[in-house]
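What follows is each chain in one-letter form.
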Amino acid sequence: MDNGPVLRRRTGAGTVRHVLLAAVFFVCSSQLLAVEANSWWSLGLTPIQRPEMYIIGAQPLCSQLPGLSQSQRKLCQLYQDHMTYIGDGAKTGIKECQYQFRQRRWNCSTVDNTSVFGRVMHIGSREAAFTYAISAAGVVNAISRACREGELSTCGCSRAVRPRELPRDWLWGGCGDNVHYGYRFAREFVDAREREKNYPRGSREHARTLMNLHNNEAGRQAVYKLADVSCKCHGVSGSCSLKTCWFQLADFRRVGEFLKEKYDSAAAMRIGRKGKLELIDKRFNNPTAEDMVYIDSSPDYCLRNETTGSLGTHGRLCNKTSEGMDGCELMCCGRGYDQFKTYKHERCHCKFHWCCYVKCKRCTSLVDQFVCK
Amino acid sequence: MAGAIIENMSTKKLVIVGVTLLLFQALAFMVGGLIAPSPTTSVNYMATKCVDASKHREDTKWFMPWGPNLCDKIRSFDEAMAKRIEANNIVFAVHIPMQNMEMSPWFQFMLVILQFDIAFKMHNQIEEGAVVTVDVGLAYRDDMFSEWKEMVHSVEQRKLHCNLSLPKTYENEGRYYDCDHLPFMELGSVAHKYYLLNIRLPVNERKKVNVGIGEIKDIRLISIHQNGGFTKVWFAMKTFLTPSILIIMIWYWRRITLMTRPPVLLEKVIFALGISMTFINMPVEWFSVGFNWTWMLLFGDIRQGIFYSMLLSFWIIFCGEHLMDQTERNRFSVYWKQVGPIVFGSFCLFIFDMCERGVQLTNPFYSIWASDVGTELAMSFIIVAGICACLYFLFLCFMVFQVFRNISGKRTSLPAMSKARRLHYEGLIFRFKFLMLVTLLCAAMTVIFFIISQVNEGHWHWGDHTVQVSSAFFTGIYGMWNLYVFAIMFLYAPSHKRYGDEQSSGQCITGDAGANSGEDIQLTTTITHVDGPTEIYKMSGKEAQE
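Criteria and cut-off values
Residues numbered from 1 in each chain as written. Chains lettered and ligands numbered in written order. Predicted model: local features only at pLDDT ≥ 70, side-chain atom pairs only at ≥ 80, totals over all residues. Heavy atoms only, no water. Helix = DSSP H or I, 4+ residues; strand = E, 2+ residues; numbered from the N terminus. Contact = heavy atoms within 4.5 Å. Areas by Shrake-Rupley, 256 points an atom, 1.4 Å probe, with all protein chains shown as cover. Phe/Tyr/Trp six-rings, centres within 6.5 Å; stacked < 30°, edge-to-face > 60°. Buried < 20%, exposed > 50% of the residue type's maximum accessible area, 1.4 Å probe, protein only. Pairing = 2+ DSSP bridges. Core = buried A, V, L, I, M, F, W, Y, C linked by side-chain atoms within 4.5 Å. Disulfide = S-S within 2.5 Å.

Draft legend 1. Focus on the overall build of chain B. When helices and strands are counted, chain B shows twelve helices and 14 strands. Contacts in chain B between residues far apart in sequence, at least 24 positions, make up 80% of those at least 6 positions apart. Carbon and sulfur atoms make up 64% of the accessible area of chain B, which amounts to about 24800 Å² in all.

Draft legend 2. Highlighting the packing of aromatic side chains. In the structure shown here, the tally under the stated rule is 42 aromatic pairs over all chains. Relative to Phe370(A), the ring of Tyr337(A) lies with its centre 5.6 Å away and its plane at 90 degrees, an arrangement referred to as edge-to-face. Taken together, the residues Tyr337(A) in strand β9 (residues 337-352) and Phe370(A) in strand β10 (residues 358-372) connect sequence positions 33 residues apart. Judged by its relative accessible area of 10%, Phe370(A) is buried. With centroids separated by 5.9 Å and ring planes inclined at 90 degrees, the aromatic side chains of Phe279(B) and Phe299(B) adopt a geometry described as edge-to-face.

Draft legend 3. Highlighting the sheet that holds strand β6 (residues 131-141) of chain B. One open sheet accounts for six strands, arranged β3-β2-β4-β11-β6-β7 (chain B); its pairing is antiparallel. The open sheet terminates on both sides in strands that have one partner only, identified here as β3 (73-74) and β7 (149-159) of chain B.

Draft legend 4. Spotlight on the nonpolar core. Grouped together as the largest cluster of nonpolar side chains are 71 residues, with contacts concentrated most on Phe314(B) and Trp481(B). Take this core: its biggest share by element is 13 residues, from helix α11 (residues 469-491) of chain B. Not counting residues within four places of it along the chain, the set of residues in contact with Trp481(B) comprises Met277(B), Phe307(B), Leu311(B), Trp315(B), Cys442(B), Ala443(B) and Thr446(B). One finds Leu61(A), Leu68(A), Val116(A) and Phe258(A) within the second-largest nonpolar core, a separate group that totals 69 residues.

Draft legend 5. Representation of the pairing of β6(B). Residues and elements named next belong to chain B. Taking burial as the measure, the eleven residues of β6 include ten buried ones, the bulk of the element. Looking at chain direction, β6 and β7 are connected through ten bridges and run antiparallel. Its bridge partner being in β7, Tyr140 is matched across the sheet by Lys149.

Draft legend 6. Quick peek at the state of the cysteines. All names here are of chain A. Using the criterion set out here, one finds eight disulfides over all chains in the structure. Note on cysteine connectivity: Cys97 is disulfide-linked to Cys108, with sulfurs 1.8 Å apart. On the S-S bond that ties Cys97 to Cys108, the torsion sits near 110 degrees, and the link is right-handed. In this pair, Cys97 sits in helix α6 (residues 83-100) while Cys108 sits in the loop between α6 and α7 (126-148), placing the two residues eleven residues apart along the sequence. The exposure classification of Cys97 matches that of Cys108, with both residues buried. Linked covalently through their sulfurs, Cys302 and Cys333 form a disulfide whose S-S length is 1.8 Å. Between Cys302 and Cys333, the S-S dihedral sits near -90 degrees, and the bridge is therefore left-handed. Placement of the pair is Cys302 in the loop between β5 (293-294) and β6 (304-305) and Cys333 in the loop between α11 (328-331) and β9, with a sequence separation of 31 residues.

If you want it as structure tokens, here you go:
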């Protein structure tokens, strides 16, 4: 069933018409969508119209959105106003992924509008782990932010999301913690598609589901963990006898950096007898909820490969002087590189106002660029 | 007439009283920890960027971030750049509270903190000592459909304290500065259901207004208010405590007036302590639920200040009156040296409070910390108050030390007495020390609980129950000082027990000369005051033999 993207790739990838056709095809068959993995990320690529547009006819939005699984669609109907922000979250996640991997062979590039990252995600590799984590993190971030902007009607003291702590909230106590709300909602939404699958215990697919759930959690935890606590003293004469603290979301770049570290130290797992993931190398410590896990080794990202979905590094820019991953030697996998000169335009000598007034001069310089063969 | 109750009460009864007080103490902690929610809640808001398209500013126009009448908003400033919208046309709108909620007078107060998200740009960095000029309007309404009514409009200046923790390179463009949060607004009462803040950052290049403040990406506000649930528990507690302290106070004063001699200084001070406790207990805050009394917060501060300075004075005088030295006491003027710093210190804090909260009565956006002169002034008030506090504690420690040294000095003469008498004296000393210890314990408890509630944010889980540590701190400590005052008034009230012809008067073992009729054993040889009964603790032989 999931040969949709493959089929399209064979018939010539990248043309707009085909992408559109495929999109229509996916929208028509939700059954197919449920099988096609990860495609809620596509919310980050296709702009969702502002929810205000959909207030009257509530239904269309959710059925029109590509890439939602059955239970995600239900959540969408319940929380229509959240969908834009989930899209935003996916977008920030993908952007951050691309930033963090800009110097790697696999650079988190999006392939098309439905499967987003292409077939590479079918392999339970470290890269897949990172992608799941960062996009889950993006959703927590975006929902919390929307919550602060007052855009979400259920945010705050929502009965639906935090029923257990409600009795204590008499007259607002403990409400308004939007990071917590973002975390809870992201868990409901992102994990929904994994939870609805029912694979036999111990099967490969089951292992993959467990891996995805773990990495989603790792991403959400990262946002939660990196959120700073700020406090304000406001007792008598400003003394600290009364102190109030609140969570403050960290810059998403920091979340990306943190997750990148977790990517580097991700744990290789396999499915155990009890249907749980266990370490392949027992000498290491068990991964915590903040750590990433993977079950497959990464495919070769050097060469284009239709089966694995690897795009290859042909045509990528590289750094001639660097000895790291972005260096031409490693990036081009020893195939060599082409050199050419381009003009680089920069804004300089600018005069700013705090928001939207900039007066700049344009400075141009000639730079060397290297591209993998 | 006899001595104070603390001396004449049997140990058994004293233990019963102590246990009862302890139970009440535990109850006070539990009320806060288990029933009340946390004392305050903060809510984060992100200002919505609205576009004010009109050429001329209308003061009556308010911009709503969401809802039916929402403004023309932009998602980011890149959008504004594309549409050629200028900085002066952007209005940051924040609606307090969030959607589907409403504020309530039970919140008692609301303070708002301002925070800027400023992105680092190589060419547009924050200048040294940058000042933001904020043009802000606050409006309110009590239902979702009526017009917004302006409450205040003000132009405020706030100094930016921002730094970038990363190297200033092109690589880090777009990362945010770490900015200190700025005090923004403080409301002494939350009488309305909905509030709307419209903030503008007008730019005027000629006058250097809002120039060099970096690239502002967002404005965040954090509003803090007292939880309604906590307020209710707090009021209930005050309402319960007021009559109990009032009754014991009346009972105490009746006992004093029943005596033949005029009351001594210590008795007067205890009575004053009772009055200030009742003053702070009086649940006048109930009115704040019905009326829009913005000065209630300031009034609360003043009441608290009066009580604490009274308590501190009481300790000094209590120690002084138990100082078994030769100087004549029982006059308030003797203590000016020690009470002076208290009065001066609390006066400083009062002035500071008036400068901040007093001005806020008219302009809620005023902050003494916003200007340099104000900051210096505020700091100097606080430092002076701190110095006074240090002085006070030095005096107090010295006096407590003296009392204990004198007591142990007296103790050496105890073995020379008859057994029964010695036992009695030892009992008295023990009870006095016990009270000193209770005071110390109360102070220690306050400090310890303060530290716990500071270090341990939020709540503890204890089985199925969540314990709100900071709520328990507030109700527990408040209950504790009430019980303390209660206990002092009870234990230091003159006793009714009669001991034959010779009567002891005064309280406690203040005086030391024992002019005894039965056995001529004197504890000390300190002077006996001419006006007699006050500081001498006389004891009948009969009683000694009991």
